[in-house]
Amino acid sequence: MTTLLRSFVKSANTPTTDFPLNNLPYGVFSIGGDAPRQGVAIGDFVLDVHALEESGRLSYSGTLMKGSWNAFMASGKTEWVRFRQELTNLLAEGSDAQSVLEPHLVAMKKAALHMPFTVSEYTDFYAGKHHAFNVGTMFRGPENALPPNWLHIPIGYNGRASSVAVSGTPVRRPMGQLKGPNDDMPRFGPSQRFDIELEMGAIVGQASDGPISVAEAFEIIFGYVLLNDWSARDIQAWEYQPLGPFQAKATMTTVSPWIVTAEALENFRISTPEREVPLLPHLHEPGPMLYDIDLEVGLTPESGTETIITRTNYREMYYSAAQQLAHHTTSGCPMRVGDLLGSGTISGPGKNNRGSLLELSWGGKEPLEIDGGTRSFIEDGDTLVLRGHASGNGFRIGFGECSGKLLPAKT
Ligand code: MN
């Protein structure tokens with residue numbers, strides 16, 4: 001399936017749409033003030049699968065009528081495969097269901113998009129080597145940039161599910177305790193170093209109880225979203241030792257509105273980069289479990305035009321989501337349907353491939369040029385947009401946008 005699958009929905013057959021028939025990502029939408037309902041993106045439209053199950057045209061035990069995809073995920077892999085195959089047939093060019101489906105295609109530009117799933121718990125990792133090396137160099141010098149555990153385990157921390165929000169939700173500049181000028185008395189005020197982290201989020205689609213292997217972990221990842229782990233660097237610098245980030249990361253985490261399934265990404269699998277030191281056997285990658293996904297971030301000032309501030313690729317990660325998930329369960333920690341795993345910031349090797357402003361401006365020492373000015377960190381009124389897609393032959397598997405505008409602090 002490396003070439004475009006043609007749909008009777010014409011806008012799905014263009015090389016630049018994020019949503020060809022090959023993709024079929026799952027979201028939640030509403031029209032006007034109606035209750036949010038499940039839909040599938042196809043070209044410039046959303047297919048209202050809630051209505052199709054309600055009318056009996058689709059039959060998935062009511063899991064398409066829940067207003068979120070958790071129940072469908074819980075129904076298991078056989079159903080995941082059956083649904084995707086059925087949709088592929090129904091939406092294909094020449095489908096005899098075209099006249100039945102057409103009344104249930106909603107123009108995407110008229111739809112409000114909501115969280116596609118209920119986040120059970122959220123864990124964020126620190127598993128991109130370029131990012132860890134850059135940040136470590138800034139904080140501790142190049143000799144001690146990577147902590148001694150880094151090449152052996154994907155380092156992570158438990159984040160907050162309560163502040164995960166869908167693309168388009170504005171983010172408020174946080175207040176917090178900030179280091180004093182001479183390491184003496186801290187002060188309380190708005191963060192002055194508010195930042196993005198360009199990440200991918202992996203969504204757990206089946207529960208686990210007890211340790212699972214990397215291969216088993218790969219099988220229970222339902223799909224992926226773009227993820228922006230908004231980070232207050234000055235709050236982080238003061239609070240992070242010895243237990244890691246806390247309030248610096250708790251303000252908000254933004255995700256893109258469409259769950260791109262692991263199945264849709266199957267042809268874009270790629271191995272993690274070569275190991276610098278061998279991993280212990282329980283974290284070995286038994287096959288290619290990372291994906292080749294081009295990523296970029298745009299910054300648009302309040303009344304300006306967009307500058308693309310970085311371009312990178314998900315293949316830069318040192319650990320795959322499957323390795324992270326397997327590591328997460330080594331303690332016996334059960335995982336639940338709807339758990340969200342952030343990859344860690346995805347920086348590439350070059351100066352223009354860095355996944356955070358902290359790295360792009362090198363801690364504020366080298367402000368970057370944007371349209372109409374410069375930036376070290378995010379300014380009030382700036383809108384940050386993450387985009388990403390895997391490239392097929394004449395088509396792309398896209399994620400839609402993961403965007404957020406920064407509002408001034410409430411002092
Ligand atoms: Mn992060």
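Before any of the text, the structure's been laid out above.
Residues numbered from 1 in each chain as written. Predicted model: local features only at pLDDT ≥ 70, side-chain atom pairs only at ≥ 80, totals over all residues. Heavy atoms only, no water.

J.: Even after reading the chapter, I still don't get the pattern of salt bridges, so can you show me in this structure?
T.: Where charged atoms of side chains with opposite charge meet at close range, the side chains can pair. Inspection of the entire model under this criterion finds 22 salt bridges. Note that Arg-336 and Glu-121 form a salt bridge whose closest N and O atoms lie 3.4 Å from each other. With Arg-336 in the loop between helix H8 (321-329) and strand E22 (340-342) and Glu-121 in the loop between strand E5 (112-114) and strand E6 (122-125), this residue pair connects regions lying 215 residues apart in the sequence. Judged by its relative accessible area of 39%, Glu-121 falls in the partly exposed class. What you see here is one network of salt bridges that share partners, running through Asp-195, Glu-197, Asp-229, Arg-233 and Lys-249. (Salt bridge = Lys/Arg side-chain N within 4 Å of Asp/Glu carboxyl O. Helix = DSSP H or I, 4+ residues; strand = E, 2+ residues; numbered from the N terminus. Buried < 20%, exposed > 50% of the residue type's maximum accessible area, 1.4 Å probe, protein only.)

J.: For this particular structure, what's the right way to read the coordination of the manganese ion?
T.: Ideal geometry at a metal centre: 109.5 degrees between donors when four sit tetrahedrally, and 90 or 180 degrees when six sit octahedrally. Coordination of the manganese ion by the protein comes from Asp-124 (OD), Glu-197 (OE), Glu-199 (OE) and Asp-229 (OD), over a distance range of 2.1 to 2.2 Å. The motif formed by the donor residues of the manganese ion, counted along the single chain, is D-x72-E-x1-E-x29-D. With Asp-124 in strand E6 and Glu-197 in the loop between strand E12 (194-195) and strand E13 (198-204), this pair connects stretches of sequence that are 73 residues apart. For the pair shown, Asp-124 and Glu-197 are each scored as buried. (Donors = N, O, S within 2.8 Å, 3.2 Å for Na, K, Ca; no water.)

J.: How should the nonpolar core be read in this particular structure?
T.: For soluble globular proteins, the rule of thumb is that nonpolar side chains tend to be buried together. Counting 71 residues, the largest nonpolar core has Met-200, Tyr-224, Leu-265, Ile-293, Ile-309, Tyr-314 and Leu-325 as its most contacted members. Among the nonpolar cores identified, the runner-up in size contains 39 residues, and Ala-12, Leu-47, Trp-69 and Phe-72 belong to it. (Core = buried A, V, L, I, M, F, W, Y, C linked by side-chain atoms within 4.5 Å.)

J.: Would you mind going over the environment of Ala-409 with me for this structure?
T.: Positionally, Ala-409 belongs in the segment after strand E27 (402-407). For Ala-409, a relative accessible area of 18% puts it in the buried group. Between the C-alpha atoms of Ala-409 and Asp-380, which are 29 residues apart in sequence, the distance is 8.5 Å.

J.: How should I be thinking about the pairing of strand E2 (residues 37-42) in this particular structure?
T.: The side chains of a regular strand alternate, residue by residue, between the two faces of the sheet. With respect to burial, E2 is a largely interior element, five of its six residues being buried. Alignment of strand E1 (residues 26-30) against E2, held across four bridges, turns out to be antiparallel. Paired with Val-28 across the two strands is Gln-38, which belongs to E2. Following E1, the chain reverses through six residues before pairing antiparallel with E2; Gly-32 in that reversal takes a positive phi of roughly 60°. (Pairing = 2+ DSSP bridges.)

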